[in-house]
Amino acid sequence: MIWYILGAGSLGSLWAARLSRAGLPVRLLLRDRQRLNAYRALGGITLAEDGRESLYPIPAETAAQGAQIHRLLLACKAYDAEAAAASVAARLAPGAELILLQNGLGSQQAVAAHLPRARCLYASSTEGAFRAADYRVVFAGRGETWLGDELGGPAPGWLAELQGAGIPLQWSGNILERLWRKLALNCAINPLTVLHQCRNGELAAHPAEVAGLCDELGQLLHASGFDSAARELQDDVERVIAATAANYSSMYQDVANGRRSEIAYLLGHACREGDRLRLSLPLLRALHERLRAYLQARGLPDT
Ligand code: NAD
Ligand code: KPL
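Only a predicted model underlies this, so the values are computations on that prediction, with no experimental measurement involved.

## Here we look at the nonpolar core
Part 1: Counting residues in hydrophobic clusters, the biggest one holds 66 residues, and the most contacted among them are Leu-74, Leu-98 and Val-237.
Part 2: For this core, the element with the highest residue contribution is helix 6 (residues 175–195), accounting for 13 residues.
Part 3: For this core, the domains that each give at least three residues are domain 1 (3–173) and domain 2 (177–297).
Part 4: Beyond its immediate sequence surroundings of up to four residues, Val-237 is in contact with Leu-185, Ala-188, Ile-189, Val-210 and Cys-214.
Part 5: Judged by nonpolar contacts, the second largest core, of 35 residues, contains Ile-5, Val-26, Leu-28 and Ile-99.

Rendered as structure tokens:
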């Protein structure tokens, strides 16, 4: 069974390279013929890892045309996920299995709602990779990836195949909690690093601001049924701030490089869920508005 990868960016290329070197059949789905020609001219995906570069000549085709798809990794940004999924919807076999690898929440449910005949699994990853150039990816940080089914089905039989390919994948019986934990962590850290223009570690100089956000995010986690995540949030945030002290958050880097952020699927989702659960969350809402104003002032999308 072929693994199709839609979203040949940082994580999509990292997964594709690992599947390819494990000898598993894998194909990239690119947006259009122009991108396909550019990819073919480069001869494949280059992955830099542990100071070594390797070229993986992975076959590619456009998303619109080709054989039926039974297994798909969707590895684009949350704001691109619905359109990307729609571009291959006609090719999906009934019962096709999809891995939705997006940060935050909201995009996964939107994609799944459009594909009722497919099985949509959600993934949450702490691996790190970045694009040095088109189809040239640097593996920057080891981590883990959790995979699960919001609807509660069993782990797929191919999980071991992906693990055997060196993808550090673990099955989660509660993937929504995993995604909520990461969302809360990202909401407590990332927007503040943008607004204070600082590295993660410099947030230690703003303890009251961080604690206030953790308190409201904890209320949200609690109201969503994730009590232990709510209790552990402040410690988790402090631990991550210390462990990643020298790093700039992903949102800081997006904004600094003039790229769209995933704000709508992080703070935006938190505020929407707050509305639904009738929570006031004044600090989170004020942070969301400040961040939106900051993005607007720089001509960047604020949703
Ligand atoms: P990326 O921007 O590097 O790659 C996304 C790719 O998807 C791009 O190549 C883009 O051209 C492609 N794409 C978008 N729409 C498409 C379409 N319609 N058809 C075909 N291709 C399309 O993104 P990334 O860094 O790999 O992140 C993917 C997700 O994983 C994000 O939600 C991100 O927050 C999350 N994440 C990333 C990392 C990381 O280290 N890069 C770590 C953890 C989580
Ligand atoms: O995931 C992160 C990010 O930068 O997006 C961390 C390091 C946890 C900060 O929120």
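From this point, the discussion proceeds with the structure in view.
## A short note on the site of ligand 1
Part 1: Taken together, the neighbourhood of ligand 1 is formed by 22 residues, with Ser-10, Leu-11, Asn-103, Ala-129 and Glu-262 sitting nearest.
Part 2: Leu-11 places a polar main-chain atom, nitrogen or oxygen, 2.9 Å from an oxygen atom of ligand 1.
Part 3: Taking Arg-31, its side chain carries an N or O atom lying 3.0 Å from an oxygen atom of ligand 1.
Part 4: Contact with the protein chains removes 85% of the 830 Å² of surface that ligand 1 exposes when unbound.
Part 5: Within the residue set of the shell around ligand 1, elements represented by two or more residues are helix 1 (10–21) and strand 9 (128–133).
Part 6: The biggest single contributor to the shell around ligand 1 is strand 9, with three residues.
Part 7: Its residues assigned to classes, the shell around ligand 1 comprises nine nonpolar, seven polar and six charged.

## Concerning the UniProt feature "domain: Ketopantoate reductase N-terminal" (unreviewed entry) in the chain
Part 1: Under the local residue numbering, the UniProt record ascribes the feature "domain: Ketopantoate reductase N-terminal" (unreviewed entry) to residues 3–149.
Part 2: Within residues 3–149, the helical portion is 26% and the strand portion 41%, while the C-alpha atoms at the span's ends are 19 Å from each other.

## A few points about the packing of aromatic side chains
Part 1: For the coordinates displayed, the defined rule picks out three aromatic pairs.
Part 2: Look at Trp-3 and Trp-158: their rings are 4.9 Å apart centre to centre, the planes differ by 90 degrees, and that puts the pair in the edge-to-face class. Here Trp-158 lies in the loop between strand 11 (145–148) and helix 5 (159–164) and Trp-3 lies in strand 1 (residues 3–6), a separation of 155 residues in the sequence.
Part 3: Between Tyr-39 and Tyr-135, the ring centres sit 5.0 Å apart and the planes meet at 75 degrees, which makes this aromatic pair edge-to-face. Residue Tyr-39 is located in helix 2 (residues 33–42), and its partner Tyr-135 is located in the loop between strand 9 and strand 10 (136–141); the two are separated by 96 residues in the primary sequence.

Calculation rules
Residues numbered from 1 in each chain as written. Chains lettered and ligands numbered in written order. Predicted model: local features only at pLDDT ≥ 70, side-chain atom pairs only at ≥ 80, totals over all residues. Heavy atoms only, no water. Core = buried A, V, L, I, M, F, W, Y, C linked by side-chain atoms within 4.5 Å. Buried < 20%, exposed > 50% of the residue type's maximum accessible area, 1.4 Å probe, protein only. Helix = DSSP H or I, 4+ residues; strand = E, 2+ residues; numbered from the N terminus. Domains from an automatic or database assignment. Contact = heavy atoms within 4.5 Å. Near = heavy atom within 4 Å. Polar contact = N/O pair within 3.5 Å; in protein donor to acceptor, adjacent residues only side chain to side chain. Areas by Shrake-Rupley, 256 points an atom, 1.4 Å probe, with all protein chains shown as cover. Nonpolar A, V, L, I, M, F, W, Y, C, P; charged D, E, K, R; others polar. UniProt positions renumbered as here; feature names shortened; annotations may be inferred. Phe/Tyr/Trp six-rings, centres within 6.5 Å; stacked < 30°, edge-to-face > 60°.

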